[in-house]
Structure formats: C-alpha cells, structure tokens
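Chain and residue survey
One-letter residues, chain by chain:
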There are 4 protein chains.
Amino acid sequence: MAKKLRIGLLGAGRIGNLHGTNIQNFVPDAEVVIVADPFMNEKMEEWAKSIGISRCSKDPEDVFSAADVDAVFICSSTNTHAEFMIRAAKAGKHIFCEKPIDTEVAKINEALAEVAKAGVKLQVGFVRRFDRSHKAVRDVVASGKLGKPYVVKVCSRDPAGPPMSYVAVSGGIFTDMMIHDFDMVRYLSGSDVTEVSATGAVLTDPGYAEYDDVDTAIVTLKFENGAIGVIDNCRQAPYGYDQRVEVLCEKGAVQDNNHLENEAFISTAESVESAKPTYFFLERYNDAFVAEEKAFVDAVLNDKEVPVGGKDGLEPVRIAIAAKKSLKEGRPVKLSEIEA
Amino acid sequence: MAKKLRIGLLGAGRIGNLHGTNIQNFVPDAEVVIVADPFMNEKMEEWAKSIGISRCSKDPEDVFSAADVDAVFICSSTNTHAEFMIRAAKAGKHIFCEKPIDTEVAKINEALAEVAKAGVKLQVGFVRRFDRSHKAVRDVVASGKLGKPYVVKVCSRDPAGPPMSYVAVSGGIFTDMMIHDFDMVRYLSGSDVTEVSATGAVLTDPGYAEYDDVDTAIVTLKFENGAIGVIDNCRQAPYGYDQRVEVLCEKGAVQDNNHLENEAFISTAESVESAKPTYFFLERYNDAFVAEEKAFVDAVLNDKEVPVGGKDGLEPVRIAIAAKKSLKEGRPVKLSEIEA
Amino acid sequence: MAKKLRIGLLGAGRIGNLHGTNIQNFVPDAEVVIVADPFMNEKMEEWAKSIGISRCSKDPEDVFSAADVDAVFICSSTNTHAEFMIRAAKAGKHIFCEKPIDTEVAKINEALAEVAKAGVKLQVGFVRRFDRSHKAVRDVVASGKLGKPYVVKVCSRDPAGPPMSYVAVSGGIFTDMMIHDFDMVRYLSGSDVTEVSATGAVLTDPGYAEYDDVDTAIVTLKFENGAIGVIDNCRQAPYGYDQRVEVLCEKGAVQDNNHLENEAFISTAESVESAKPTYFFLERYNDAFVAEEKAFVDAVLNDKEVPVGGKDGLEPVRIAIAAKKSLKEGRPVKLSEIEA
Amino acid sequence: MAKKLRIGLLGAGRIGNLHGTNIQNFVPDAEVVIVADPFMNEKMEEWAKSIGISRCSKDPEDVFSAADVDAVFICSSTNTHAEFMIRAAKAGKHIFCEKPIDTEVAKINEALAEVAKAGVKLQVGFVRRFDRSHKAVRDVVASGKLGKPYVVKVCSRDPAGPPMSYVAVSGGIFTDMMIHDFDMVRYLSGSDVTEVSATGAVLTDPGYAEYDDVDTAIVTLKFENGAIGVIDNCRQAPYGYDQRVEVLCEKGAVQDNNHLENEAFISTAESVESAKPTYFFLERYNDAFVAEEKAFVDAVLNDKEVPVGGKDGLEPVRIAIAAKKSLKEGRPVKLSEIEA
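Residues numbered from 1 in each chain as written. Chains lettered and ligands numbered in written order. Predicted model: local features only at pLDDT ≥ 70, side-chain atom pairs only at ≥ 80, totals over all residues. Heavy atoms only, no water.

1. As for the packing of aromatic side chains
- Taken as a whole and judged by the stated rule, the model has 38 aromatic pairs over all chains.
- Ring geometry for B:Tyr241 and B:Tyr285: centres 5.8 Å apart, planes at 80°, overall edge-to-face. Of this pair, B:Tyr241 sits in the loop between β10 (228–234) and β11 (242–249) while B:Tyr285 sits in the loop between α11 (281–284) and α12 (286–301), and the two are 44 residues apart along the sequence.
- Take B:Tyr241: its relative accessible area is 3%, and that puts it in the buried class.
- Members of the aromatic cluster, joined through ring pairs, are A:Tyr241, A:Tyr279, A:Phe280, A:Phe281, A:Tyr285 and A:Phe289. (Phe/Tyr/Trp six-rings, centres within 6.5 Å; stacked < 30°, edge-to-face > 60°. Helix = DSSP H or I, 4+ residues; strand = E, 2+ residues; numbered from the N terminus. Buried < 20%, exposed > 50% of the residue type's maximum accessible area, 1.4 Å probe, protein only.)

Set out below in structure tokens:
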C-alpha cells in the first residue's frame, strides 16, 4: 500500500464535498485522486480542482476500475450505497460508506456479505461517535469506572425541518433523523437494543402528516445488558441544534451539554444571556467529520479494526424499522420481530 | 377569621414535623395550635413545645373538634388521608393534605365530594410546584411567550432507595415516587395526560422484584393539548437528588439544572470539579415547603384559589394506575381506561 | 452556663432585626432574652414580641446589667461598637460585634484590650466567611491540597449605591464596602496583608466626588506569605450582587460563581437566558448569617475558639486605612506605615 | 491585484509554520508562494512542499524582490520585525507582522513611518482579538447597548512557563506575555491607557528572579475614557490556559468563560467533574489565527481598514514599558512618561 491512502470519492454533493475538502486539507495520510458523480458539472469540477483533485468523472466505474484507488468514500444518494459497496468490494477497494447503508435489511446483508467475502475494510459514517463530548461520555461508560449502565438518554433536535420533498422519500423521522441516535445509544451503552416503543406527534408542521410521518418522537428502549433508555427527537428547535446524551450508571452519571457558539455572557437587570448552541451539524460536528475520516484512513493504512463496522451499519436500520412499526401499531416491538 | 390562621396538625412524623416547624418559624400569618398523632410520645411533645405548640394529643378528634382550629394539615400515614379529609370537611376546617390523597380513585372521589359539599378549601401537597426553578420553568411556559408546548421532560432520581419495608406497602415506584413527576408534567404542560406507556427494570437491587416493583422506569406520555412527554426515574443515583425538568415549545425551550451544594469549583491538571446536587428533598425543596405552606395560608386567609386543588390530587393517582397497568401489560394505556 | 445561650441584643435596626429573628427561628441553642435600642419604638416592640423576645428597653445598661444575659450581639451604630464592647467585657458578657469594631485603630485596640482582660469571647461579624461557596473555596486552600496560594482575587459589586447621606459618614468605599473583601482575602489566603495599592474612579454618580469618595475601586495587595492579590469593587452593578472569589495555587485554582435566583434557563433563537445573581446581601448571605450566629453560640457554649476574632476585626480596618492613603497619595502603602 | 493574494512568508519557525499551513488550508483567497528563513533546512522544505509552497529560500531578499508577492507575513524573530517591515514597505508589499513590532518605541515609529510613506497596509498579529468569545464580549461593549465601560478585567495564565533561555531574552513578563492583555484591554474598552501600576512576585520558579523578571503579576490601569481596569498574569497555571475577560458597564457586565476540552461531565458521590480548559494557545486560538489571516487578506484584497493597525502595535509596547517601570520603581506610571 502507498504511504498515503489514495481515495476515490463517489458523490460530489453536500456530504461528498465535505469529506473531499476535509481529506485534502486535514487528513495528511490520505488524498482524493478521483471524484465521480453522475451529475458532475463545471462547479463541481472547479471545486475539485481548487482542492487538488485532478480527475473528475460522471461514471462511478472510473473509480472502481482505477488502479491507483485504495479506498472509496460512498457519498452518493442512499439508494446507491449498497450497490456501490458491492462494486467496491468486488474491486478490492476499502470502503467508507455514508449512513444508512440502505433502508432494507436484505440489501444491507447482501452488501455486507460481499464486503466480508472481499476482505476489505468497511466503515459506516456515524459521525457523532467522533464528537469530542459524546466520545468523552462513552469513554467514561466504556472504562467501567462508573459500573454498569442503567439508563441511556439522547436528546436530538434539529434547528429546522427538512424540505417536504425530502420527507416524501426519506423513510420518515426514525430512518432519516433518529437513526443517528439509535447508533448513539448502542455506542453509549455498549449493548444491543432488544425492544423499542415509540410515541410521536405532528406539532411543528401539519405537512408531515401527509407523508405519514411525525416531526416529534420519543422512543423508549430496552438493551441486552438490562439497561433501559429513551431518545427524544424534534425536527424543529428554534434555538438551534440540540445534541445531548446522558448515561446513568451504577456509581454515577455522565452526560454532556451542547457546544455553544461562544463562551461570552451578558448580565443585565433582566437576565444573564449567553450564546446559543452551535447552529447545525456542520457547525457542531465539523471536527467529528475529520476525526472520522482520520480513523478510517488509520484503520486501513495500519490494518486496525474500523471503529464503526458493518453490524453498526445494520442495527440502527433494524431499530428504525422496529420504531416505525411500534408507532404504527401502538405497541412495544421486539427487535427479534425484525428481519436480522 | 382570626388574623392568624390557626392550624391543627395531624401527624407528628417526619413530614408533620417538617410542616409544623416551618409554620412556626417561617409562616408569620399562621400558627399551629394543636398537634395530634396516635403515636404521640415524649419526644414529639418536646419537639412541639420547643416550637411553641402547646397542645398535644393522641386523638385526631381533638383537632377536628377544636373550636380554635381553622385549618388542618394532614400529615398522617397515607391510608388515613381520605378519612381525615372527610372528617375535617365535616368539621368545616380548611385542609392541606399531603400527597397522595389515597391510592384508590373511589376513595379520593368520596373525599373530594365531602370537601365540595363543605365548601372548605383543599390544597394537596405537591411541593415541587413551589420550587423556584421548576416554577420559573412553568411560568415561562404558562406565559405563552414560547408558544405551545411540544415536549415535556422530567428526570427525577433519588440518592438512595427506600427501605424494602416501605416498598412492600408503598404501591410501587409509580405511586410512591413518580407520582410527583406525574403532577409536574401536568403543571408544566398545563394540560391533562391522555395516555401513558411504561418501561421499567430492576437494576439497583434485586429486592424490588420480590415486591413486583422496579427501581428504574421510563414513562412516555401524551397530553390533551397534543404535546408528548417523558419521565425517567431511578431510585438510586449515587451523586444525589437529580431533579430536572424541560419543556420544548414552539419558539424555544425552557429547562432547569440541579441546585448544587455550593458554587465553588476547583481546576487542576486533571479536571474541573464542582459540588454535587443538593442531597435529597429536604435540602432541595426546603424553601419550596415554606412557599407551599404560605400559599395555602394565603389562599385561606384571603379567600383565593388554592394553587394545587382536588383534581390535581386525583389525576396523578390515575396516571400512576395507568402506568402500572402499562408496565404490567406491556402496552400503552389510555387514561380513559382508568376509573375517573 | 445554661443549656441555651441567653442573648442580649443591642440595636433593633436592620441588622439587629436580622440577627434577632434568625436566632429565635434558626438557632435552637440560643434565645434572645432582651433587646435594647435608644430609639426603641412601638414597631420594634411589636417585632420583638412577635418572635418571642419579652423585654425591650431604651437603655443598653439594661442589657449589660441583666443577670440572665450570657452574651451580647452588638448591632448598634458603628460609633458605639467599641464602647459597647468595653461595657460588655466589663460585665463579663461574651460578645458578637458587627463589623467594623471602629474606624480608628486606637479605639479598636482599647476595646480588644478590655476583651482580653475580661477573658470573654469576641466574634466579629464578617459574615461572608460563612457563605457556603466562599467557605468551600477557602477550605480547599486551607486544606493545602492545591499547595501554596499565589494569587487571591475578589470581585464584589453592589446592585445599587447607598444613599449619599450614608456616604457622607461611612468613611468611604474602603471602609464601608471593601472592608468585607479585605477580610475575605485574609480568610482565603490564610495570611496577613503587607502592602496595598489603590486605584479608583467616580463613574456611577458624580455625587461621590463631593464626599471625596469613589464608587469604583481596584486594590492590589501583597501578602506575608508571598502571594499577591486584587480586589475590585463597584457600588452599582445593575445585574445585582456580584460576589466572586478566586485563589490560584501551586497545583490548581479554586473559585466560585454567583448564586443565581434559580436554575432555570430559556433557549430561543436569540440566546440562552438564565436568572440573575441573587439580588443583594440579604438574599445571598441569608444562610451565612445563620451559620455565623450558630458558630458564635457553639464557640461560647462549648468553649471553642471563635472563627473570627479580635485581630480579624482590626486588620481589615488597617488595610482600609492603608488603601485610602494609597488612593490619596497615588502610591503603594505598606501596612507597616499604619498604626498597629 | 490578482484574485488570490500572493503571500511571501518570512520565517518558517513555529509561528511561520502555523500561518503558512493555515493560509494554504483555510484561506481560499490567499496562497503562500514563497517562504524564506535564514535557517531553512530540509525539514522546513518538506513542510513547505507538503502544503504546496514551491519556493524556499534562505534569503529574505528573495521575498521582498519577488514580483509575484503581494504581501508578506513577518514571522521571524522579534529583533528582525522592524527591519523587515521597512524592507517590505519599501518594496511595496502589504504587511502582516507578528507581535511585537519591536521592544523599542523609536524602532517601531521608524518602521511605522516607512509603512505610512509606502501606503501599504499593515496588520499586527494580536490574534486574541479574533477569538470568538473575546470578540463577542468586545462587540457587546462596542455596540454601546450596555452604556459606558467602567471596569475592564483580563485574566491570562499559561499552563507552563517558557524555558529560562527564552526568559533571558524576552524582555520579561510584561513584554512577552502581558502584552497580549495590554492589547486586549484597549480592544475591549475602546480606549487608550493613561496610567499603570504593577505588582509582581516570583512564585512558580526562583529562576525568574535571576533574570530580574517575575512569573506572577497584577497590573491596574486607567483609561482615557475614565474606566479603570486590571490584568492578572501567571506563567504557570497547572490546569491549563486560563483566558477570561470581563467588562462592567453602566447597564450590565459582559464576560467570558474558558473554552473547555469538551462538554461532558461526570456526577459521582464525590463531585461533578468536567473537562479542563483547552490546553494552550494553539488549542484555544486555533480558529482565531485563521480569522486573523482571513481578515488581513480581506483588508488587502478589498481595500478595507485592517482590524489591528500600527498604533495597535505601538501602544501595548508602551504600556509594557510603563508596567516594567512601575514594578521597578514601586509607583504608578503615567503613559505620558513613556516615549510616544
């Protein structure tokens, strides 16, 4: 393997742009050598050039067949993830795949099987695991110094809802939003989820109801290790991106506060005013994206285990399916009811 | 009515002691003139004398029949609350009754009917409504300046579990502990609960299982006004009394932090260390008890509406019954299923 | 000595009222048996009666000569403190004296000499030492676990300035306000002050200049143990009573935050808003006054050392004199230049 | 002018490396085209190549004479700053100069005169002005919404002292460390300093005394606009980089807290533990360096006023000279006593 990991980028949209720019600027051990996007245009080419990516293509095959590509970053639309994983695996390329791998368990399993057969590394893009605060919480739990986890809580709210066109195809709040939190509770608890029970409401915009979706949801969970948990989501929190996690353990609790825009505060006769939370995921998880990319590059270059593997890609999808079923049927749903 | 409200105290145990001492020291417009407790002993009499209560009795009737008693504080064991309410009402005394009024809906309704008939005032002892932080949260919601409530969250954890002898008779976590939180969510949301779904686990001490109880529970709720909510309880949080509430509304969120033992903090090469939350309810809600007592005295003396009335005494009991049923049957339970 | 400490209260103004009420309500081991005030009037008598003080007098001698008075609380105007101390000492009464003992070193020394001769206990009313947060800071420093103190900082601001009539006779900002902080730095550092350098300005109200006073002052200090320090005062901070202390030591720093009115906070699209600091000394130091009173009663009843003794009463006055001299002469002033 | 600002970098040591890397990665409107360092070596050349700087030289003249250099970044040793400014100005290059310009007023004035004559832009590297929290504090003051500033406070402590070899030549704590804070108080107050009074001590390492320096210092200040202020510095705070500012104004106060390594916190039976402040200036001011560079590039490309100009480079040096004189002579020193 070359000293630097040579990367082929699949997808030059928002998330591809983010990963590509990060790798070129902040990941010294990797370089993007080619980017492919079926909608490749002048603006994308200009961007690629500006960060030193010399080859652009409309054909993903140019990435899979490139001899100088060691690994791919799959940043294309969700419905192409599984297929691209399979093609990459067959071409012997290591894989970083944005979440979710797919919305169907069977397709995920098919893709994971190819990855296993090819013996390439696969990392799934659950970026929040790399956030310095969430990671600090999880590291305390994982260290065991607080004893067994009892209660795992995640609060996750977006500053503004997505466009309804997105809601129409996203698969709903459990698949497009809470999936991050399903991953987070597995990460924090170090355990698999065995049962979920979902409650939801349409509160911020009646439009969600038209797509059989909700904008506000609370899901309680049971874990294999005996712990219980709860996640609450809202698609629209006017004060910004609310991202807080908490684990109550035998000997103490560990949690985190939001990151604020700055640490200044004003005291007046009315109140003490401080800054809001950082606005959205680009602001909050900027450093986490870089950490995620570095971890993948390190895992491949130094043949280490990836920090977020295939099962980590599958399980949140299964939990999301269970949560959707729970909300629809108005009852707790066991994970054993969901295709594995 | 006399300028000072003359109070007869029923029960000289821990909570009776607390109310009696508070009234004598901090409620200038009231005075305790008699205390009755079937287990009245020398130590209790000494305590009564030390705070200026001149009459002690083993017979509650001495309170009900006293011409110089304007109001009673019912601080006896739970199973006597409803009966004492009825006797007080019949005697024309105003009533402050510790929570819960009873664990059975029928008995509560019977007592409330007598109170209504007598036209006396009744306040139920949900003291947390008078905590300065929880009250500040609720006042913001009630002001309407943040718009409609969407999500109501309460986290409530005790520093240490009760003795198993108490668990044996308490009615379980929903009745002896979460009942405060069932009141709190009604207070915060300004709305009634329509459905609950409970999850629970025995994590801190296997002893709870013997009494068919859990020590850790999460309950999701639906409210009449469309909001949804969640409460999490644990009987044992080693770091002390964890008491936090939060309401996400249309235009913002309002929440509170724990009160700490002090505001000092130490920065070293290892960490920044601050004080723990105040230890338990006596430390956290000390001021709230006084505020509660003053509110009752003010309501009676000045013929105002009491801040926590009969329905507020009934509803949390119904929610607790529904939660217990939900946990047992593994399904969401509508409040309409519970006797009203 | 009787089981309860029997107290004679000298002065029924604001501070006498505070101590009297506290002792009757919160200090079980003490009782006020008589109160004397040259301006004794009906309202004062009513107050005394309402808290169970049966004897009221216009003549302080009634206190000094009372056989059933074990100790006095000197809460009269400053110019009477030294004289009352001397009379109390001669009468064999233990003494709690409000700060300052006097504004002149010679008079303080004279009074201290009488106290020493009589062998009675004397505690001076520097109440902030009993604040739970400041005490926690000091206890960390005193424990030695952070090593030697390097830098001691105190920020102290009042919510509103005093009436100009008070400024006219108070002796100026160093004597009427910063004197608390001069005591605080001695308490925190565990060391005496050897040199001060004062800077000041008239910023909030030009009226102060007419009395040769300032409303804003910063004083740097040197301590016998080698540490240095700084105090900043302002007579008018619109957001309330700002009371923060900080000690940088060899192995870490310890500091405190203000106590807030409550722990609620509101997050909106504009900011995160929390409550203000508690308004003024009655709100912030309420608990500290009780702790101070209990400490005195305990010291007398159980023959322990008082926590704030005669030298602690003298030194802040000397530092204030030095600071005033420094501001006037525009140079650092050594404590050795001030009468001892 | 070219679309991108073409930069010649003078000095490839720690700070040159930092600016060079930042510009190449984060400042899209600029590019470093050449770097010169008298000690240019293979490692430096490798670094330059790795970030896309094609030309390396040992001779600064190669920068001044390069036709394709629009602006220089002077990151060489302090004693060369003034000379390089003069040479750059004569060559018509815009100038970013690290602080301090020089330690002597005359040399600074000489350099500023050349800059003025050449009509090139000059920005001085007081990076803390670009920190998001300090900037937020200053913006509130500058907005005028809190009224006039009364008291300006800066606390600045390093996690560990510099090597004694540095202390030997640095000019002492006021010149090598507090100079940042002298700039900060001017920035926060929007006013010039008129008088300083310094106190200092050798507490962390007796070695400082050998170089006639102190490791801990407190300086009080008077400002032209009537405000007063105080700065405290310590060369060694074991808990990391302590960077806090505060301005008390007519209608309120505005201040900031340290940035922490993360926002997680652990609650146990002992305490609540959170992360430490970010370790040192590279961690705390990383984003500020980029903001500073962007501001310079923007000022040159779009002919705007630079945010930190020549006078801002001169004044902190004058204040440092005054502080040093104050400490030595044990008296307040007026800025009018110092060469202007």
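2. Description of the interface of chain B and chain A
- Taken together, the 37 residues of chain B in the interface contact 37 residues of chain A.
- Buried area between chain B and chain A, summed over both chains or domains, comes out near 2,800 Å², and the portion from carbon and sulfur atoms is 67%.
- Among the residues chain B hides against chain A, the three largest losses belong to B:Tyr150, B:Leu203 and B:Ile228. Together they make up 19% of the total.
- Put simply, chain B and chain A have 6 salt bridges between them.
- Summed over the shared surface of chain B and chain A, the number is 10 residue pairs in polar contact (both at pLDDT 80 or more).
- Of the residues that constitute the side of chain B that touches chain A, the class distribution is 17 nonpolar, 11 polar and 9 charged. (Contact = heavy atoms within 4.5 Å. Buried area = accessible area lost by both parts, 1.4 Å probe. Salt bridge = Lys/Arg side-chain N within 4 Å of Asp/Glu carboxyl O. Polar contact = N/O pair within 3.5 Å; in protein donor to acceptor, adjacent residues only side chain to side chain. Nonpolar A, V, L, I, M, F, W, Y, C, P; charged D, E, K, R; others polar.)

3. Focus: the relation of the copies chain C and chain D
- Once turned by 180° and shifted 0.0 Å along the axis, chain C lies on chain D with an RMSD of 0.0 Å. The transformation relating the two chain copies, once decomposed into turn and shift, fits a two-fold axis. Using C-alpha coordinates, one finds that chain C approaches the rotation axis most closely at C:Arg331, a distance of 2.7 Å.
- Mapped onto chain D, 100% of the interface residues of chain C are again interface residues, and the two copies thus contact each other with one and the same surface. (Least-squares fit on C-alpha atoms with pLDDT ≥ 70 in both.)

4. Looking at the environment of C:Asn257
- Inspection of the secondary structure assignment puts C:Asn257 in the loop between β12 (252–256) and β13 (264–268).
- The class for C:Asn257 is partly exposed, based on a relative accessible area of 36%.
- C-alpha of C:Asn257 to C-alpha of C:His134: the two residues are 123 residues apart in sequence and 9.5 Å apart in space.
- Sequence-distant contacts of C:Asn257, defined by excluding residues within four places in its chain, comprise B:Glu263, B:Phe265, C:Arg244 and C:Arg284.

5. Quick look at the packing of helix α9 (residues 179–189) of chain B against helix α13 (residues 310–329) of chain B
Residues and elements named next belong to chain B.
- Look at α9 against α13: their axes get within 9 Å of each other, and the N-to-C directions meet at 120°. When the interaxial angle is binned, α9 and α13 end up oblique. α13 is crossed by α9, and the crossing has right-handed handedness. Contacts from Ile 179, Phe 182, Asp 183 and Arg 186 in α9 reach Lys 311, Asp 312, Glu 315, Pro 316, Val 317, Ile 319, Ala 320 and Ala 323 in α13.
- For the contact of α9 with α13, the residue count by class is 7 nonpolar, no polar and 5 charged. (Axes fitted to C-alpha atoms, helices over the stretch in contact; angles between N-to-C directions. Parallel < 35°, antiparallel > 145°, perpendicular 65-115°, else oblique. Left-handed = near helix turned anticlockwise from the far one by under 90°.)

6. Thoughts on the interface of chain C and chain D
- Residue-level contacts link 37 residues of chain C with 37 residues of chain D.
- Carbon and sulfur atoms supply 66% of the area buried between chain C and chain D, which totals about 2,800 Å² over both sides.
- Three residues stand out in chain C for area buried against chain D, namely C:Tyr150, C:Leu203 and C:Ile228, and they jointly supply 19% of the buried area on that side.
- Where chain C packs against chain D, one counts 6 salt bridges.
- For the salt bridge of C:Glu246 with D:Arg244, the shortest nitrogen-to-oxygen distance reads 2.8 Å.
- Here chain C and chain D share 10 residue pairs in polar contact (both at pLDDT 80 or more) between them.
- Contributions of two or more residues to the side of chain C that touches chain D are made by β7 (149–157), β8 (193–201), β9 (216–223), β10 (228–234), β11 (242–249) and β12 of chain C.
- Across the side of chain C that touches chain D, the residue classes break down as 17 nonpolar, 11 polar and 9 charged.

7. Describing the relation of the copies chain B and chain A
- Screw-axis analysis of chain B against chain A gives a translation of 0.0 Å along the axis, an RMSD of 0.0 Å, and a rotation angle of 180°.
- The residues that chain B uses at the interface reappear at the interface of chain A in 100% of cases, marking a shared surface.

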